[in-house]
Every structure is written in C-alpha cells, then in structure tokens.
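# Commentary on secondary and tertiary structure
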Amino acid sequence: MSPRIRKLSEKFNGVMFRVIEGAAFRGSSDKLFTHHNGNFLGLVELLGKFDLVMNEHVRRVMSRETHVHYCGKTIQNEIINIIGNLTRDNILSRVRKAKYYSIMLDCTPDINHVEQLSLTLRIFDIDEMCIKEHFIEFEPIFNSSGEGIYESILSMLKSCKLELNDCRGQGYDNGANMKGKNKGVQARILRANPRAFFMPCGCHSLNLVVGDSVSCSIESKNFFGTIQRIYVLFSASVERWHILKKHVKSLTVKSLCETRWECRIDCINAIKNEISQIIDALIELTELNTADHLVISEANSLIQFIERFDFLVLITGHTEAIKSAEKLALQLNVEPKFRVTRVIRRKKQFDHESRDEASEPQNPELYFKQHVFNNILDQAISSISEQNKSHEDLLKSCKDLHLKLNDQNKDKTECDLNGIDLCNEIEIVRSLYSKKDSCPLEILRFINDNKLQDTLPNLWVALRIMMTIPVTTASCERSFSKLKLIKTYLRSTMTEERLNNLALISIENDIVSKLDLNEAIQNFADLKSRKKCLF
C-alpha cells in the first residue's frame, strides 16, 4: 500500500470512528497542534505519534512542504458524504434484492424547532434469513398533515429509486394524520397501493390499552395521581430531596410519563419497596421548621392517603397481593380493611321531587374487587382483544389474503400469490415439518435450507411479506436519540445532507464497518479528478 493510500485509509477510518461515536469533528481552530482544534485533528495528531507514515505527513504539513494535507473541513465533508452514500447504496441494494419492504415513519422536532421526518425501511434479508430495519434519512417537513407527509414519502422513495408498488407494509403511531381512515397517510398510500398493509405501532397501541385501563376507575386515577404528587413534593426542593435520600437508600421516587407506561412500574416499585421510609421522609417534612404551610399540608395529605389499605392493595395487586398488602399494612400499623362505600341510587320515578336514597353499604372488599380491580382488568382485556382478531378457517384466510394482495390496475392484474395453492402448501409443510410450536421465521429457514422455494412459492412469498410488515416503530424512535446527539445547540447550523450522512453512518455502523475502503478511496479520487498514487 502506497503512503498516500495509507494516509487516506487512516483518514477514512478516523472519520468513521468519530461519526459512529457521535462526537463532534471541528473545534474553534482548523490548524494542527492548536488548542480547541476539534476531535478529528486531535485524532490525526494522536496517530502521528505512533504511525510513521502519518508522522511524516504531519511533519510535512507543519513545515509547509505540502499543501495537500486532507485535514480541512471541506475534505472532512467529502469523506462523510462518500461513506454515507456507500452505506445508503448498500442498504438500498439489500432492499431491492428483498423486493418487498415496509415503511416506518415518525416525526420529532430538532434543536432548531424544525420537524424532522424519520424514514426506516423494514425488509426480510434473504441472504442472512432475518428481519432487518434500516434507517434511510431525515426529511424536514413543514406540513404535518396527512397530505404533506404523504408527498414527503413519495419524494423520499423517488430519491431512493424504490417503487411504492413493492411496499407491503406501513407502520406509524396512532396520530390522526397518520392512521386517519380518510385523509391519513395510511389511507392515501392504500389508495395508491392497496397491498401496503397498515399496522399501527404495537407499543403505542399497548400504551393506549394501559391508559384506558387506568382511566376507567377513579380509584386508579387517584392512585397514580398520589404517586406523582409524592415525586413533585420531594423534587421541588433540594432540601426535600436530601431528606428523601436520607431515608430511602436503594430506590428513589420517579416521575410518571404519559407516553412510556413501563416507567409506571418503576414508580410503583420505588414506593412499594421503600414505602415505610417514604412515610418517614414525609413525617420529617411535616416537622421541618423551614417548610411552609402548603408543604406541611401536602405531606400530611399524602401520609393519610398512603396509609389507606386500598392504596396498599393497588400498589401490589389483588388476590395474591392482598396478603402482601396486609403485610405492608402491619408494618405501617394500618388496619387491613377497605373503606366502607355507600352506593347512591336514584329512584326512577316520574315525580321530579323524589329524593335520592342511599343503599346499604356493600362488602368493601367485594366492592373494591368488582368496581376497581376487575374493572381495570376488563378494560385491558377488551382493548387487547380489539387489537388481536384472527380468522379460524385456513382456506378462507388464504383466499382473503389472495384478494388483499391482488392489485388490479389499468394495464394488468398482479397478485403476489394464489390463495388456494397457499392453503395446500401450508398443509404440505404441516406434514413435512415435525416441530409443532414454530414461528414463521423457522418455517422460512426450513424452506431455505431444504431449497423448497420453487416447491412452495406461495408460502415462501406469504411468509416473507408477513415478516416484512412492521410491528412497532421503535427503530424510528431510536433514530431520534441519534438526532439529539448529532444536532446539538453547538452544531445546529449543519446542513441536512451532513446530518443525514452522520446519522446514517452512526445508526448503520454494522454496515459501515464492512465497507470496502478501496472503493471509498477510489470515489474520493474521482470526486475532483484526483489521481491515486499506486507506488
């Protein structure tokens, strides 16, 4: 390898390292061996201490024996663009080879308050026999309506040279502009391509299930409201937080989040496992001389609510949790009994002057189980049942799938599979594949390993399309994390091209690590008719 090629190779590796780590490149200075000259030049200086070729190159640059140093910001941008384009081309070639793909979208504002649309493609990789989700790019949008996002999708697919007709799935959140049945993005894409199945994000859907369950009961609302009040009370003051940490050693109270319901488990565990210590901290707040009357009142109110037996039951569950709640109640000297609840019934009489009558108090434990605990579970089961409907008849399902994948346009009729043949092929696989509890991925690998693609073409296609359809939009959410790391307030003026290339290299680092640097160097040499020195 010639010295020049080696220097370029080290520069390319240096760029990839900094991008994958998500670190900034440039500082306030663009010169070697100056303060605040950035991470890239600092890495060049470090390599020069241990590599003889780089050491000689740095010496010649500093002594002005050469003006071609490949360290400037323009060269950095060129290298980033070359690596980004090679990565994108690699991904798109995989998508075209897979033929079928799904699109996943989500939006978030960046540091400049510009709405960024994240596009991720999901495919079934035939070479590796696994599902792959690849980030493609961010696209700034200024019209977040269904029509505006739909036009942005068409533009992004056109720039990638992908046919919308090959799309077999859509995955979005539950926003009206995305899932609207008339003007939403999914409806517009279905009108253009009826074979693009829409699947709302499973995480968002389960989020709504949990939200509906909690909102169906006043007691559960009060329960989570109390947990949030505990966090707000202690976090509003450094002194109060210090008191909490003095009593609570292992876990700390946490804030609730409307969009991440799994965090509520952490909130409950923090209080469940340290409930007596939290009460001690609240008692200390009531005795604090510097506390005002509002803090004292709030602390006393929280103590009274926490020491109720129904609160202890909700924090642990019901049937088995009754025993746990009773243990907690004994630790806190709380009587393990539910509050008596009187049910107000209105007489259905024509006389408008008829008075309300209070019925006899019900069994408190039975009332709690029927109207609070079971009500929450019923709502959750009902919501989940709406999300998971299936056909029992195999033949009818295969025919329905045939009709769904049948695209009748003006020129010709296209269909990905034949429903009757698919049903027969499923029966064949049942007799060939002995394992009962198997997933679609295992069946696909079975077909591939035994080279049955031509024997079972309909099942081969159907399962690949099934694996292509997105379940969640988590990959889009992960790209937002990279966006926040790359486009910070110190780097808020970068162009969209640089942002997309940096994000692509950082997110798809597995592909970047396998790129052929010789191809990248050749592209770099051809960029402005540069010539490589081969000797």
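Remember, predicted model here, so these are calculated numbers, not experimental data. (Residues numbered from 1 in each chain as written. Predicted model: local features only at pLDDT ≥ 70, side-chain atom pairs only at ≥ 80, totals over all residues. Heavy atoms only, no water.)

Attention shifts here to the overall build of the protein. Scanning the protein for helices and strands turns up 24 helices and nine strands. Here the protein holds 535 residues, and the buried ones make up 45% of them. A total accessible area of about 29700 Å² is found for the protein, and carbon and sulfur atoms account for 51% of it. (Helix = DSSP H or I, 4+ residues; strand = E, 2+ residues; numbered from the N terminus. Buried < 20%, exposed > 50% of the residue type's maximum accessible area, 1.4 Å probe, protein only. Areas by Shrake-Rupley, 256 points an atom, 1.4 Å probe, with all protein chains shown as cover.)

Ranked by internal contacts, the top residues of the largest apolar core, which has 50 residues, are Tyr101, Ile103, Ile153 and Ile189. The element that contributes the greatest number of residues to this core is helix 4 (residues 73-98), accounting for ten residues. Not counting chain neighbours up to four residues away, the residues in contact with Ile103 comprise Leu119, Thr120, Leu121, Ile153, Leu157, Cys167, Gly169, Gln170, Gly171, Tyr172, Ile189 and Pro470. If you look at the next biggest cluster of nonpolar residues, it comprises 33 residues, including Val253, Ala291, Leu312 and Ile315. (Core = buried A, V, L, I, M, F, W, Y, C linked by side-chain atoms within 4.5 Å. Contact = heavy atoms within 4.5 Å.)

Okay, the pattern of salt bridges next. For side chains bearing opposite charge, pairing can occur when the charged atoms are close. One pass over the full model with this rule turns up 14 salt bridges. Between Glu56 and Arg59 there is a salt bridge whose closest N-O contact spans 2.8 Å. Placement of the pair is Glu56 and Arg59 together in helix 3 (residues 52-62), with a separation of three residues, close to one helical turn. Judged by its relative accessible area of 35%, Glu56 is partly exposed. Looking at Arg59, the relative accessible area reads 38%, which means it is partly exposed. Of the charged contacts in the structure, one is a salt bridge between Asp400 and Lys396, with a shortest N-O distance of 3.1 Å. Linking Asp400 with Lys396, this pair stays in helix 17 (residues 394-404), spanning four residues, or about one helical turn. Classification of Lys396 as partly exposed rests on a relative accessible area of 43%. Linked by salt bridges that have partners in common, Arg94, Asp125, Glu128 and Lys132 make up one network. (Salt bridge = Lys/Arg side-chain N within 4 Å of Asp/Glu carboxyl O.)

Mapped onto the secondary structure, Asp416 falls in the loop between strand 9 (413-415) and helix 18 (419-432). Among the residues examined, Asp416 registers a relative accessible area of 15% and is labelled buried. Discounting chain neighbours no more than four positions away, the residues touching Asp416 are Tyr100, Arg168, Arg195, Leu405, Val461 and Ile465.

Looking now at the packing of helix 18 against helix 20 (residues 457-468). Helix 20 packs onto helix 18 with a crossing angle of 95 degrees between their chain directions and a minimal axis gap of 8 Å. Between helix 18 and helix 20, the angle falls in the class roughly perpendicular. Along its contact with helix 18, which presents Asp421, Leu422, Glu425, Ile426 and Val429, the element helix 20 presents Pro457, Asn458, Leu459 and Ala462. The class makeup of the residues in the contact of helix 18 with helix 20 is six nonpolar, one polar and two charged. (Axes fitted to C-alpha atoms, helices over the stretch in contact; angles between N-to-C directions. Parallel < 35°, antiparallel > 145°, perpendicular 65-115°, else oblique. Nonpolar A, V, L, I, M, F, W, Y, C, P; charged D, E, K, R; others polar.)

Where helix 19 (residues 440-449) contacts helix 20, the axes come no closer than 10 Å and their chain directions differ by 140 degrees. Taken together, the axes of helix 19 and helix 20 lie oblique to each other. Like other packed secondary-structure pairs, helix 19 and helix 20 cross with a definite hand, here left-handed. Counting all contacts with helix 19, which are made through Pro440, Leu441, Ile443, Leu444, Ile447 and Asn448, the residues of helix 20 involved are Leu459, Trp460, Leu463, Arg464, Met466 and Met467. Among the residues making up the contact of helix 19 with helix 20, the classes are represented as ten nonpolar, one polar and one charged. (Left-handed = near helix turned anticlockwise from the far one by under 90°.)

Let us now look at the packing of aromatic side chains. Tallied over the entire structure, the rule returns three aromatic pairs. Ring plane angle 55 degrees and centroid distance 4.9 Å describe the contact between Phe135 and Phe138, whose orientation is recorded as tilted. What makes Phe138 buried here is its relative accessible area of 1%. A ring pair is formed by Tyr231 and Trp241, whose centres lie 6.4 Å apart and whose planes are at 85 degrees; its orientation type is edge-to-face. With Tyr231 in helix 9 (residues 218-235) and Trp241 in helix 10 (residues 238-247), the pair connects residues that are ten residues apart, well separated along the chain. The ring of Phe305 has Arg308 lying over it, and the distance from NZ or CZ to the ring centre is 4.1 Å. (Phe/Tyr/Trp six-rings, centres within 6.5 Å; stacked < 30°, edge-to-face > 60°. Lys NZ or Arg CZ within 6 Å of the ring centre and 35° of its normal.)

Attention now moves to the sheet that holds strand 1 (residues 101-109). Pairing in this open sheet of five strands is mixed, and the strands run 3-2-1-4-5 from one edge to the other. Edge strands, defined here as strands with exactly one partner in the open sheet, are strand 3 (130-141) and strand 5 (197-200). Looking at each pair of strands side by side, their axes are set apart by 25 degrees on average, direction ignored. With respect to the sheet, helix 20 is in contact with strand 1, strand 2 (115-125), strand 3, strand 4 (167-172) and strand 5, its orientation differing from that of strand 2 by roughly 150 degrees. (Pairing = 2+ DSSP bridges.)

Of the strand pairs in this sheet, strand 2 and strand 3 are connected by eleven bridges, and their pairing is antiparallel. Residue pairing for strand 3: Ser118 is matched across the bridge by Phe138. Hairpin geometry of strand 2 and strand 3 is characterised by an intervening segment of four residues between the two adjacent antiparallel strands and by a positive phi of about 50 degrees at Met129.

Taken together, the side chains of Ile111, Tyr489 and Leu490 make up a nonpolar region of the molecular surface, amounting to roughly 380 Å² of accessible area. Within the element layout of this structure, Leu490 appears in the loop between helix 21 (474-486) and helix 22 (496-507). Given a relative accessible area of 67%, Leu490 falls into the exposed group. (Patch = residues over 30% accessible without salt bridge, like charges linked within 9 Å, V, L, I, M, F, W, Y side chains within 5 Å.)

This part is about the confidence of the model for the protein. With 73% of its residues at a pLDDT of 70 or more, the protein shows a mean pLDDT of 78. Every residue in residues 355-361 is under pLDDT 50, and counting partners more than four places away or in other chains gives 15 contacts. (pLDDT = per-residue confidence, 0-100.)

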